[in-house]
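# Structural features, examined
What follows is each chain in one-letter form.
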Amino acid sequence: GGVVVLGKPYRRSSLIQAMAEGVNIGVEAEWEKIEPTQRLALKNTVTSFNHIAELIEAGEPLPYGEVRESCGPLVDAIASDNYKDILRGVRSHDNYSYVHSLRVATFLGLFGKVLGIKGEDLTTLTTAGLLHDVGKMSIPPLVLNKPGKLTEDEFLVMKSHVNFTIDKLDHSEDIARGVLIIASQHHEKLDGTGYPYGLKGNQLNRLARMASIIDIFSAITDRRVYKDPVPPERALEIMANMEAQLDQPLLAAFREMLLDAGSY
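Parameters at a glance
- Residues numbered from 1 in each chain as written.
- Predicted model: local features only at pLDDT ≥ 70, side-chain atom pairs only at ≥ 80, totals over all residues.
- Heavy atoms only, no water.
- Buried < 20%, exposed > 50% of the residue type's maximum accessible area, 1.4 Å probe, protein only.
- Helix = DSSP H or I, 4+ residues; strand = E, 2+ residues; numbered from the N terminus.
- Contact = heavy atoms within 4.5 Å.
- Core = buried A, V, L, I, M, F, W, Y, C linked by side-chain atoms within 4.5 Å.
- Expected span 1.5 Å × (residues − 1).
- Polar contact = N/O pair within 3.5 Å; in protein donor to acceptor, adjacent residues only side chain to side chain.
- Phe/Tyr/Trp six-rings, centres within 6.5 Å; stacked < 30°, edge-to-face > 60°.

Let's shift gears to helix H10 (residues 177–185). The element H10 is extensively covered by neighbouring structure, given that 7 of its 9 residues are classed as buried. The set of residues buried in H10 consists of Gly178, Val179, Ile181, Ile182, Ala183, Ser184 and Gln185. If you follow the buried residues of H10, they end up packed against helix H3 (64–70), helix H6 (96–114), helix H7 (119–131), helix H9 (152–170) and helix H11 (206–221).

So this is what it looks like as structure tokens:
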């Protein structure tokens, strides 16, 4: 139990994946100690995320209905303000794309709840958080996990994850419009400096403005293999200086939510 075995010869990527799986076996075992709703939220979403990776590798469409259903316990945890063990439980997981996506899903759901989003719309918002970056599964690990600044060519590769995400979601059945908006616009900026479309001002949907704030906050405060997490207070200071790029009234509401709930 807890041992990953590889047969020779094996590729370097297989070794890295096996090491990650070994770490995650221990991390996920600790989830058994967590309160049931939060435990189920973690288990369901990691299973769904791993299945998504398998489907993408096989070139098959994503089962949106199944992903949405897997987010049910996460939505329940958010609705009852019973979510902090989810954020703590995922911290040491080795699949960074999953960690980031789950944190975005959780914070996006919390933010939506504060702004009055309820019921099925809250489920759509949370599901969008889990799916917003699935295109990163197509990015080579050496680019995705590179310490330091990307070269111009590497940044072009990194940006391509948005179009890949859109393509995968477009070929899946019954995708909610809000999911597509968040996936396609969460890297856009109010001043038009974002990507992939260079949208600006009123061209940006409000859901996308919310998702951009959450995505940036999570990226700054995430722990990476090459950096320690930035404290939330400092992350909010950095974001407050992005006044030309981020919706500042929404950012103020997000900051108030974090300070009131101690959500980080």
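On to the nonpolar core. Core analysis: the largest hydrophobic core is formed by 58 residues, its most contacted members being Leu131, Met239 and Phe254. Among the elements that take part in this core, H6 stands out by supplying 9 residues, more than any other. Excluding residues within four positions of it along the chain, Leu131 makes contact with Ile52, Leu62, Tyr64, Val67, Thr165, Leu169 and Val179.

Compared with the 22 Å implied by 1.5 Å per residue over 16 residues, the 23 Å span of H11 between its first and last C-alpha is a close match. At the N-terminal boundary of H11, the capping side chain belongs to Asn205, with an oxygen 2.8 Å from the backbone nitrogen of Leu207.

In the structure shown here, the tally under the stated rule is 6 aromatic pairs. Between Phe107 and Phe217, the ring centres sit 5.5 Å apart and the planes meet at 90 degrees, which makes this aromatic pair edge-to-face. Of this pair, Phe107 sits in helix H6 while Phe217 is found in helix H11, placing the two residues 110 residues apart along the sequence. Of the residues examined, Phe107 reaches a relative accessible area of 0% and is grouped as buried. On the basis of relative accessibility, which here comes to 0%, the residue Phe217 falls in the buried class. Between Phe111 and Phe254, the aromatic rings sit 5.4 Å apart at their centres with planes inclined by 65 degrees, giving edge-to-face as the arrangement. Placement of Phe111 in helix H6 and of Phe254 in helix H13 (residues 248–261) is noted, with a sequence separation of 143 residues between them. Residue classification places Phe254 among the buried positions, given a relative accessible area of 0%. Site record: aromatic cluster; members linked through ring pairs are Phe107, Phe111, Phe217 and Phe254.

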